[in-house]
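As a plain string of letters, each chain reads:
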Amino acid sequence: VKIDLLGNRSLGVIRDALAGLSRAERSQIGSPWEPEDDPATQAAVAHGKTMGCFYIESPAMRLLQQKAGSGDYEQLVIQSSIIRPAANEFVREYVRRLHGGAWEPLSPRLESVLDETFGLMVYQEDVSRVAVALAGFSHSEADGLRKVLSKKDRAARLADYEQAFFQGCTRSGLAADEIERIWAMMMSFDGYSFCKPHSASYARVSFQAAYLKRHFPASFMAAVISNRGGYYSTFAYLSEARRLGLQIDRPDVQYS
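From a predicted model like this one, the values you see are computed outputs, not experimental measurements.

(A) Geometry of the side chain of N227. If you trace the backbone, N227 turns up in the loop between α12 (217-226) and α13 (234-243). A distance of 2.9 Å separates a polar side-chain atom of N227 from the backbone oxygen of A223.

Written out as structure tokens, the structure is:
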């Protein structure tokens, strides 16, 4: 069991944005609240109009959204994990495959293992599952490999896993160039990466923020600024509010 406990300021943004809505506005949201199914929110995500929205507001993430053009929750779960720093090559390949580009599984044995991510390793679990499927690792050994990849002092410990992986894949009949290609994709998980539940939870919060920005921009942008923003400066969020057509009033001792 892997549990991440995170303090997330964007939950405060969503809380304050909802609190700032009028009773009539709150009634528009409905219950249960399913922002992932809202067409207008999906379109905003697909066009990268997500400045101020948790985790999907950086230039790199908004560019990926625009290239993907889907606005789909399941795809955002993939995108939130594949955007990691060492995976640029695979981000481009993901977009190509998403738009119908031909691809072959890394190995016939992985056809059903990585089918939902277009044959690419996207989540931490994928590293473990590939090690089990191709190299004959036990689940405990495979999880040990997953853990080592995220460590700063991984170099010494990784050598043993690499040797065991290459030997196991060779016994399974894989050619040396295939093993090299698969190992290189595993190494793209250097530093930080997400397990799928982590990425899915992030995407849920991202969609809630995107929904509020799309339908209630004044309350949302006020909450972003009051909570000291996210990726950008306060000035940048004020500029975004003006681009949305919102009026920015000066401070007034008579009226907050």
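(B) Spatial organisation of the pattern of salt bridges. This model, assessed by the stated rule, comprises eleven salt bridges. A salt bridge links E36 to R204, with the shortest nitrogen-to-oxygen separation between them at 2.7 Å. In this pair, E36 sits in the loop between α2 (23-29) and α3 (39-46) while R204 sits in helix α11 (residues 196-215), placing the two residues 168 residues apart along the sequence. We note a salt bridge from R146 to D143, for which the minimum N-O separation is 2.7 Å. One end of the pair is R146 and the other is D143, both in helix α8 (residues 139-149) and three residues apart, which spans about a single turn. With relative accessibility at 13%, the residue R146 sits in the buried group. In this structure, a network of salt bridges that share partners links the residues E34, E36 and R204.

(C) Structural detail: the packing of aromatic side chains. Tallied over the full model, the rule gives 14 aromatic pairs. Here F194 and Y202 contribute two aromatic rings whose centre-to-centre distance is 5.1 Å and whose plane-to-plane angle is 75°, an arrangement assigned as edge-to-face. Per residue, the accessibility class of F194 equals that of Y202, and both read buried. Measuring from ring centre to ring centre gives 4.9 Å for Y231 and Y232, while their planes differ by 65°; the resulting arrangement is edge-to-face. What links up through ring pairs into an aromatic cluster is the set F54, Y55, F194 and Y202. Taking NZ or CZ as reference, R84 lies 3.7 Å from the ring centre of F189, over its face.

(D) Spatial organisation of helix α6 (residues 88-98). Taken together, the buried positions of α6 are occupied by F90, V91, Y94, V95 and R97. The buried residues of α6 occupy an angular sector of 165° when the element is viewed end-on, so they sit on one face. Seen from the open side of α6, the exposed residues pointing more than 90 degrees away from its buried face are E89 and R92. Looking at the packing, one finds that the buried side of α6 touches α4 (59-68), α5 (73-82) and α10 (176-187). Of the residues trailing α6, G100 is marked for its positive phi of about 100°.

Here is what the cut-offs are and how they apply
Residues numbered from 1 in each chain as written. Predicted model: local features only at pLDDT ≥ 70, side-chain atom pairs only at ≥ 80, totals over all residues. Heavy atoms only, no water. Helix = DSSP H or I, 4+ residues; strand = E, 2+ residues; numbered from the N terminus. Polar contact = N/O pair within 3.5 Å; in protein donor to acceptor, adjacent residues only side chain to side chain. Salt bridge = Lys/Arg side-chain N within 4 Å of Asp/Glu carboxyl O. Buried < 20%, exposed > 50% of the residue type's maximum accessible area, 1.4 Å probe, protein only. Phe/Tyr/Trp six-rings, centres within 6.5 Å; stacked < 30°, edge-to-face > 60°. Lys NZ or Arg CZ within 6 Å of the ring centre and 35° of its normal. Arc of directions from axis to C-beta. Contact = heavy atoms within 4.5 Å.

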